[in-house]
Amino acid sequence: MISRSFELILTFRNAMHLDQKVSLKALHTFGMEVEARYFVEAKTHSEVLTLLNYRHMIHMPILFLGCGSNVLFTRNFGGIVIRINSKGIVIRDEDENHVHVTAEAGENWDEFVQHCVDREWSGLENLSLIPGTVGASPIQNIGAYGVEVKDTIESVQVIEIDSGKQKRFTNAECQFGYRDSIFKRALKGKVIILNVTFRLNKTGVTGLQGDRVMGNSLLKLDYGDLRPELGRMGVIEPTISDVRAAVCSIRRRKLPDPAEIGNAGSFFKNPVISKKLLDSLQTGFPEMPVYLQSPGDDAVSETFAKIPAAWLIEQCGWKGYRSGDAGVHPNQPLVLVNYGNATGPQILGLANHIISSVEQKFGIRLETEVNVIG
Ligand SMILES: Cc1cc2nc3c(=O)[nH]c(=O)nc-3n(C[C@H](O)[C@H](O)[C@H](O)COP(=O)(O)OP(=O)(O)OC[C@H]3O[C@@H](n4cnc5c(N)ncnc54)[C@H](O)[C@@H]3O)c2cc1C
């Protein structure tokens, strides 16, 4: 006799093109050979709702996946992997200075940034070439070159997995912090992000002083190698297209391309420490790089200074380390890599060794930035 749940799976398969035993190797950037028991793509909001209805009846774990550029699978996934592939970019509202634009969760992040830069809407250009989807961008409040996506997000629309109800979170309700948001904490696994609305600046140069003022937007040029890169490009008065080109060129040079070496970008967050710990560490390690946090940064009063995790990891001798196919990138110690056939547990084991040695030497416990799925 066919069980009720098997019957449901069959109906579900016919309704939603549910595939069975699907390799996820090409669907996440670490590139491990792992399998999903079931896999399905959701291209519209109503498909997401249908999936949730079936899921309530089938009682199976579900995992929502964008481009898989911030996950580490430690084993096969024994439930349904749902790839959010909804598309669409719509202007909600605009005035002389701003445009309010909504992008669906399945839009490719970098293509969305290009779309905005092409229209001279500024705010996202420093976040060029970050892999992933628009839907995942608020989850860890993606950031690069002195900009975090929270600076431009107006609201995030979600569906609650349990109730199927839709809700719109304002920027404040998203509780953004450094590589953090309510979606990574209290609402982790409880909501699906459907779309994100951004408030971007229409550009037009109005003044100059250090950073360039364009319309109401301040081009952020003073982070890392950005200004020298613009100089190398021969750019004196940068436009947002120039900033995007400079960011892309630095990232292509510095970061390992997941198409060539499996990785998920920074594996660890930069730790934010208290003044007391900073004072004691500076006695023993006067050369330690320190970024003091201004009041309000990350909204945690206890925190005081951010320390580059890459430096801590390098000081513990891990830079370029390799064991089998699991390793620490030779130029970017924050990036753990799969040279070919590393498994999730091997990468996780390496991460745990790094966490222990950094804690032993500096008394700082590194937190992972990547979502470990196991
Ligand atoms: C080479 C490289 C460089 C990177 N550089 C940066 C960088 O500079 N800055 C930075 O911040 N990050 C960086 N990252 C990390 C990554 O690009 C971002 O975290 C990105 O936002 C992940 O998007 P994704 O679609 O791949 O998410 P996935 O990896 O598919 O998912 C990440 C998490 O979000 C959940 N999720 C995904 N979509 C949804 C949805 N619609 N609703 C609910 N939950 C969802 C997943 O279940 C998972 O827990 C880098 C990664 C790589 C590989």
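Right, let's walk through the structure included here. (Residues numbered from 1 in each chain as written. Predicted model: local features only at pLDDT ≥ 70, side-chain atom pairs only at ≥ 80, totals over all residues. Heavy atoms only, no water.)

Under the criterion given, the structure shown has 16 salt bridges. Between Asp180 and Arg185 there is a salt bridge whose closest N-O contact spans 2.5 Å. You can call Asp180 buried: its relative accessible area is 13%. Between Arg365 and Glu359 there is a salt bridge, and its shortest N-O distance comes to 2.7 Å. What makes Arg365 exposed here is its relative accessible area of 54%. One salt-bridge network, in which partners are shared between bridges, spans Glu148, Lys150 and Asp151. (Salt bridge = Lys/Arg side-chain N within 4 Å of Asp/Glu carboxyl O. Buried < 20%, exposed > 50% of the residue type's maximum accessible area, 1.4 Å probe, protein only.)

Turning our attention to helix 3 (residues 109–118). Here helix 3 lies mainly inside the structure; seven of its 10 residues are buried. When we look at burial in helix 3, the residues that qualify are Trp109, Asp110, Phe112, Val113, His115, Cys116 and Val117. Close packing links the buried residues of helix 3 with strand 6 (89–94), strand 7 (98–104), strand 8 (121–122), strand 13 (191–202) and helix 5 (240–254). The first or second residue beyond helix 3 is Glu120, which carries a positive phi of 60°. (Helix = DSSP H or I, 4+ residues; strand = E, 2+ residues; numbered from the N terminus. Contact = heavy atoms within 4.5 Å.)

Scanning the model with the defined rule gives 10 aromatic pairs in all. With centroids separated by 6.2 Å and ring planes inclined at 80°, the aromatic side chains of Tyr145 and Tyr223 adopt a geometry described as edge-to-face. In this pair, Tyr145 sits in the loop between strand 9 (143–144) and strand 10 (147–148) while Tyr223 sits in the loop between strand 16 (217–218) and helix 4 (226–232), placing the two residues 78 residues apart along the sequence. A relative accessible area of 47% places Tyr223 in the partly exposed class. Taking the centre distance of 5.7 Å and the plane angle of 50° together, the rings of Trp311 and Phe362 count as tilted. On the criterion of sequence distance, the pair formed by Trp311 in helix 7 (residues 309–315) and Phe362 in helix 8 (residues 344–362) is long-range, its members being 51 residues apart. The exposure class assigned to Trp311 is buried, which follows from its relative accessible area of 13%. One aromatic cluster is present, formed by Phe30, Phe267 and Phe268 through successive ring pairs. Directly above the aromatic system of Tyr178 lies the positively charged group of Lys306, at a separation of 3.7 Å from the ring centroid. (Phe/Tyr/Trp six-rings, centres within 6.5 Å; stacked < 30°, edge-to-face > 60°. Lys NZ or Arg CZ within 6 Å of the ring centre and 35° of its normal.)

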